[in-house]
Amino acid sequence: MKIHGRHYRTIWLDDDGWGVIVIDQTRLPFHFETVRLATAEAAAHAIRHMTVRGAPLIGATAAYGVALALRVDASDAALEQALALLGATRPTAVNLHWALARMRERLIGLPEAERVGAAYAEAGAICDEDVALCRAIGEHGLGVIREIAEKKPAGEPVNILTHCNAGWLATVDWGTALAPIYLAHDAGIPVHVWVDETRPRNQGAALSAYELGSHGVPHAVIVDNAGGHLMQHGQVDMVIVGTDRTTATGDVANKIGTYLKALAAKDNGVPFYVALPSPTIDWRLADGLKEIPIEERAGREVTHLFGQGEDGSTGFFQVAAPGSPACNPAFDVTPARLVTGLITERGIAPASAEGLARLFPEMTSGVAA
Ligand SMILES: CSC[C@H]1O[C@H](OP(=O)(O)O)[C@H](O)[C@@H]1O
């Protein structure tokens, strides 16, 4: 998407054709900075420390991390070592493991001399495909927004609540949950977005607000606990979020706090949509609550906030009582029964094994319903 009028993806090759450039999302929204990744270890660090984050972008970065590793050593041992290093970075986003499995399948049977070129080509294909998948999600989600807009008084905006950042910064481009919003805005449909700040890392306040503001989409940042109140007072027409891993039966793992939004939406009759490209579906799983690994991150992410002071300096500020321990589960699981629909690149599916099987018949033979 565009930043100050210039188009960016979130990840691209350096001019030398082998270094990998990413936007440093830990510095946004106050500083737009890029980082050049030159090794698999640097790619792993970028994922672990959330320089890059968001399920599709994590997968794309890991794919290039494999290519960077093979530049140094294209042996089977080096390939397996890189896959293990990158696969251990973050447990919840299935796109990471999907991308690494795809890279292994593409490379393991090749002669070593062909592996580096093939690895860069496959990582590039993963990126290009993600752009197309997210654009298609945008088109299908646009239909949902348009349908709601047609039932509202002319000129009144569709009020959409979103949690965390599932915009173009979480993918290679376009985003998942925000893609329909961008297309609706560009189509002249009035929208207004309630942006959950999304503690503790504030991906909403720092990243979604930054994206939406850059694109001129009306929005307001709200505290995570305000969403239910807004829904009770008829100020939310729909909720749309992303996901890091969705089971074959429609259970949705997403940023911590998503489950509570889904409960409030159910209680207030507000449609709750999840936008996802199919690499985010884990076809092996049937029970998200029992089977999806939930990342536990450092307590310091809860006790300290990154921000900008009145003097314009940026840094970390302690917000919790010194010495108090903190617990920091990074995701939760929303059961399929709370999900109105899954907006995929192939269309909108009910959150169920049957719904997904109809859209992806080639993926669901033999999955537990
Ligand atoms: C399109 S995936 C976006 C998804 O990823 C975020 O998690 P994190 O920022 O920790 O990588 C969050 O769950 C978003 O919904």
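Cut-off values and rules
Residues numbered from 1 in each chain as written. Predicted model: local features only at pLDDT ≥ 70, side-chain atom pairs only at ≥ 80, totals over all residues. Heavy atoms only, no water. Axes fitted to C-alpha atoms, helices over the stretch in contact; angles between N-to-C directions. Helix = DSSP H or I, 4+ residues; strand = E, 2+ residues; numbered from the N terminus. Parallel < 35°, antiparallel > 145°, perpendicular 65-115°, else oblique. Contact = heavy atoms within 4.5 Å. Expected span 1.5 Å × (residues − 1). Buried < 20%, exposed > 50% of the residue type's maximum accessible area, 1.4 Å probe, protein only. Arc of directions from axis to C-beta.

A. Local environment of the packing of helix 2 (residues 55-72) against helix 5 (residues 112-150). It is the contact of helix 2 with helix 5, at a shortest axis distance of 8 Å, that shows an interaxial angle of 170 degrees. Judged by the inter-axis angle, helix 2 sits roughly antiparallel to helix 5. Of the residues in helix 5, those in contact with Pro-56, Ala-60, Ala-63, Tyr-64, Ala-67, Leu-68, Leu-70 and Arg-71 of helix 2 are Arg-115, Val-116, Ala-119, Tyr-120, Ala-123, Gly-124, Ile-126, Cys-127 and Asp-130.

B. How the structure looks around helix 3 (residues 76-87). With 12 residues, helix 3 extends 16 Å from end C-alpha to end C-alpha; this agrees with the ideal 16 Å at 1.5 Å per step. Those residues of helix 3 not exposed but buried are Ala-78, Leu-79, Ala-82, Leu-83 and Leu-86. Along the long axis of helix 3, the arc covered by the buried residues comes to 135 degrees, so they all point the same way. Facing away from the buried side of helix 3, by more than 90 degrees, are the exposed residues Ala-77 and Gln-81. Buried residues along helix 3 sit in contact with helix 1 (40-48), helix 2 and helix 4 (94-107).

C. Up close: the side chain of Thr-280. Within the fold, Thr-280 resides in the loop between strand 12 (272-275) and strand 13 (281-282). Judged by its relative accessible area of 0%, Thr-280 falls in the buried class. Apart from the residues within four sequence positions on either side, Thr-280 is in contact with Val-94, Asn-95, Thr-243, Asp-244, Arg-245 and Thr-246.

D. Main features of unusual backbone geometry. For the peptide bond that leads from Leu-28 to Pro-29, omega is 5 degrees, which places it in the cis range. Tracing the sequence through the fold places Pro-29 in the loop between strand 4 (20-23) and strand 5 (34-37). Its identity is not glycine, yet Cys-164 carries a phi of approximately 65 degrees, on the positive side. In this fold, Cys-164 is placed in the loop between strand 6 (158-162) and helix 6 (179-186). Of note in this structure, Asn-202 is not a glycine but carries a positive phi near 55 degrees. With respect to the secondary-structure elements, Asn-202 resides in the loop between strand 7 (191-196) and helix 7 (203-215). The exposure class assigned to Asn-202 is buried, which follows from its relative accessible area of 13%.

These results come straight from atomic positions and should not be treated as a statement about function.
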